[in-house]
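Structure assessment
Letter by letter, the chains look like this.
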Amino acid sequence: MTTRPPGSLAPDTAQPTSGQPPEQQAGLRAGLKNRHLSMIAIGGVIGAGLFVGSASGIAAAGPGILVSYALVGALVVFVMRMLGEMAAANPTSGSFSAYADRALGRWAGFSIGWLYWFFWVVVLAVEATAGAVILEGWVPAVPQWAWALIVMTVLTATNLASVGSFGEFEFWFAGIKVVAITGFIVLGGLAIFGVLPGSDHAATGFGNLTGHGGFLPNGPGAILTGILLVVFSFMGSEIVTLAAGESSDARRAVAKATRSVIWRVGVFYVGSILVVVALLPWNDPAIEKKGSYVAALDSIGIPHAGEIMNFIVLTAVLSCLNSGLYTASRMAFSLGQRGDAPRSFARTNTRGVPQAAILASVVFGFVAVGFNYLWPDTVFQFLLNSSGAVALFVWLVICFSQLRMRGIILRESPEKLVVRMWLFPYLTWATIAMITFVLLYMLTDDKEGGGRSQVLLSVLVAAVVIAISLVRERARRKDTAETVAPR
């Protein structure tokens, strides 16, 4: 496979005049409907981490955790705006990996593509185990390992069936999450002002935001600690730009998803956490003991709050598994198309599904699940830590790619610039500075399994992948030079 100039907008497979993504010419099918993409965009930003991880953030920062969520939310909005600019101009299932390939060079597309694949296959193991724990609690006769096997097998079959099956499952999974969190905000809001029928919860207004040691009871520095605790719960918002490659109207879907990310982050994250810290004192022991959402529901007299939340968390876990397997396989498909993975990954079956890419991703996920049961504190902990900072690496690559791609798009296809990053290039550079600051601040978190080990191990894995990519590129150029040399 010959190299191409990093500044070229055109991918290896030329963009067809119909406006369809090139992957659809290579075997993928436009099986995702507009309602699928809309719900993937909405649900992608609501991960299981929001439901199960917010309690630790509230304990660390008090009501000031709202600032942490708002800052990380702004970061995600900026990154998604940059990604939306590139994806609307050239939708592809490789998304930011393909854009890095064109804007920064083959080494960047190869490296971030494989790191992202690695991140999601590790997530498969985490979420399969989390789902198995909940299911075993409901049906203890089935062991935890068997539940993990069952959920992985079912969702693998769903992804293998067709992209439409994935879209339909994700539509309903995401729909349940959206309905649940919307209902929580509405009920909680009524209770805050004492107008919820049948509830004996005292009207607190927003007094709890300042009434227990102030808005920042642990000091301003706790906002930064809160950022470290919540930043990874936002990972997944970029999935819609990968899914756009299998949509019949990809540019419109990407533009719509990018423009709506502000209200999605504002309502689902900041809005729901505001309800929790307004309903309850931030230092209420029930928040850490039961979880923030269960504690809030209990406080307003919602019966069986724990069981309800377990069902919602299970839905979020299954949604993450479903979309994680889809995302990993489509990234592997894109890498295969570009010659950066086995060519079999780029082949599709008669249903337009990249079967080899899906199976390779799920096999690694199964192996990681095995590590979680056999060596949870050694091998699996290494996998977790070495993928922990990949999300931030992805965001950095998106920023640097957009800096280059803006000029390329304007030069070659200015009519495709239907989404624009605000205040370019200043806000792009500001976002880079914010992400870099978070990575550096993580180095101060030296507890076991904390931010420092995550950054250092993730950098180590990234360095190995980059080294492999540079060696491959050097060998590729040597082969190309020998092929074209006169004999």
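Rules and cut-offs
Residues numbered from 1 in each chain as written. Predicted model: local features only at pLDDT ≥ 70, side-chain atom pairs only at ≥ 80, totals over all residues. Heavy atoms only, no water. UniProt positions renumbered as here; feature names shortened; annotations may be inferred. Axes fitted to C-alpha atoms, helices over the stretch in contact; angles between N-to-C directions. Helix = DSSP H or I, 4+ residues; strand = E, 2+ residues; numbered from the N terminus. Parallel < 35°, antiparallel > 145°, perpendicular 65-115°, else oblique. Left-handed = near helix turned anticlockwise from the far one by under 90°. Contact = heavy atoms within 4.5 Å. Nonpolar A, V, L, I, M, F, W, Y, C, P; charged D, E, K, R; others polar. Phe/Tyr/Trp six-rings, centres within 6.5 Å; stacked < 30°, edge-to-face > 60°. Buried < 20%, exposed > 50% of the residue type's maximum accessible area, 1.4 Å probe, protein only. Lys NZ or Arg CZ within 6 Å of the ring centre and 35° of its normal. Expected span 1.5 Å × (residues − 1). Salt bridge = Lys/Arg side-chain N within 4 Å of Asp/Glu carboxyl O. Core = buried A, V, L, I, M, F, W, Y, C linked by side-chain atoms within 4.5 Å. Patch = residues over 30% accessible without salt bridge, like charges linked within 9 Å, V, L, I, M, F, W, Y side chains within 5 Å. Areas by Shrake-Rupley, 256 points an atom, 1.4 Å probe, with all protein chains shown as cover. pLDDT = per-residue confidence, 0-100.

The protein chain appears in an unreviewed UniProt entry as GABA permease from Streptomyces africanus. The Subcellular location (unreviewed entry) field of the UniProt record for the protein chain holds the comment "Membrane".

As a further point, take the packing of helix α5 (residues 106-138) against helix α14 (residues 355-374). Packing of α5 against α14 leaves a shortest axis separation of 8 Å and a crossing angle of 55 degrees. On the basis of the axis angle, α5 is oblique to α14. Read as a crossing pair, α5 and α14 show a hand that is right-handed. Taking contact as the criterion, the partners of Trp117, Phe118, Val121, Leu124, Ala125, Ala128, Thr129 and Ala132 in α5 are, on α14, Ala360, Ser361, Phe364, Gly365, Ala368, Val369, Asn372 and Tyr373. The residue makeup of the contact of α5 with α14, split by class, is twelve nonpolar, four polar and no charged.

So, about the packing of aromatic side chains. Working definition: an aromatic ring pair is given by the centre-to-centre distance plus the angle between the planes. Counted under the stated rule, the structure contains 19 aromatic pairs. When the ring of phenylalanine 193 is compared with that of phenylalanine 206, the centres are 5.6 Å apart and the planes differ by 80 degrees; the resulting orientation is edge-to-face. A residue pair is termed long-range when its members are at least 10 positions apart, and phenylalanine 193 in the loop between α7 (163-192) and α8 (221-230) and phenylalanine 206 in the loop between α7 and α8 qualify at 13 residues. On the numbers, 5.8 Å between centres and 45 degrees between planes, the contact of phenylalanine 371 with tryptophan 375 is tilted. Assessed through its relative accessible area of 42%, tryptophan 375 is described here as partly exposed. Aromatic rings pair up to connect Phe96, Tyr116, Phe119 and Trp120 into one cluster. Against the face of phenylalanine 171 rests arginine 35, its NZ or CZ located 4.7 Å from the ring centre.

Before going further, it helps to spend a moment on α5. Taking 1.5 Å per residue as the helical rise, α5 with its 33 residues ought to reach 48 Å, and the 48 Å between its terminal C-alpha atoms agrees with that figure. Most of α5 sits out of view: 26 of its 33 residues are buried.

For the rest of this paragraph, the subject is α7. Its 30 residues place the ends of α7 43 Å apart at the C-alpha level, agreeing with the 44 Å of an ideal helix rising 1.5 Å per residue. Phi turns positive, to about 70 degrees, at glycine 194, one or two residues after α7.

So, about the pattern of salt bridges. Evaluation of the coordinates by the stated rule reveals twelve salt bridges. Residues arginine 476 and glutamate 473 are paired through a salt bridge, measuring 3.3 Å at the closest nitrogen-oxygen approach. Linking arginine 476 with glutamate 473, this pair stays in helix α18 (residues 451-484), spanning three residues, or about one helical turn. Taking relative accessible area as the criterion, arginine 476 reaches 12% and is therefore assigned buried. By relative accessible area, glutamate 473 is classed as buried at 9%.

Looking at where valine 419 falls in the secondary structure, it is placed in the loop between α16 (390-412) and α17 (426-442). A residue is classified by how much of its surface remains accessible, and valine 419, at 1% relative accessible area, is buried. For the pair valine 419 and alanine 286, spaced 133 residues apart in sequence, the C-alpha to C-alpha distance is 44 Å. Ignoring anything within four residues of it in the chain, the contact list for valine 419 reads Arg81, Gly84, Glu85, Ala88, Ala255, Thr258 and Arg259.

On to the nonpolar core. By size, the foremost hydrophobic cluster in this structure holds 159 residues, and its most contacted members are Phe96, Tyr116, Val394, Trp395, Ile398, Ile435 and Leu439. Broken down by element, this core gets its largest block of residues, 19 residues, from α5.

Quick look at a nonpolar patch on the surface now. A cluster of nonpolar side chains, contributed by Trp145, Leu149, Tyr373, Leu374, Trp375 and Val379, occupies part of the molecular surface with about 600 Å² of accessible area. Within the residue set of the nonpolar patch, elements represented by two or more residues are α6 (144-161) and α14. Among the secondary structure elements, tryptophan 375 is positioned in the loop between α14 and α15 (379-387).

Looking now at the confidence of the model for the protein chain. Confidence along the protein chain averages 85 in pLDDT terms, with 92% of residues attaining 70 or more. Considering only residues more than four positions removed or in separate chains, one finds that residues 1-8, a stretch of pLDDT under 50, has 31 contacts. Across residues 10-19 the pLDDT falls below 50, and counting only partners more than four positions away or on other chains, this stretch makes 22 contacts in the model.

Quick look at the side chain of serine 319 now. Relative to the assigned elements, serine 319 resides in helix α13 (residues 305-337). Discounting residues that sit within four places of it in the chain, serine 319 has contacts with Glu170, Phe173 and Lys177.

So, about unusual backbone geometry. Here phenylalanine 424 and proline 425 are connected by a cis peptide whose omega angle stands at 0 degrees. Take proline 425: it is sitting in the loop between α16 and α17. Although it is not a glycine, serine 95 adopts a positive phi angle of roughly 45 degrees. Structurally, the position occupied by serine 95 is in helix α4 (residues 95-103). Using a relative accessible area of 0% as the deciding quantity, one classes serine 95 as buried. Notably, leucine 423 is not glycine yet its phi reads approximately 50 degrees, a positive angle. The topology assignment puts leucine 423 in the loop between α16 and α17.

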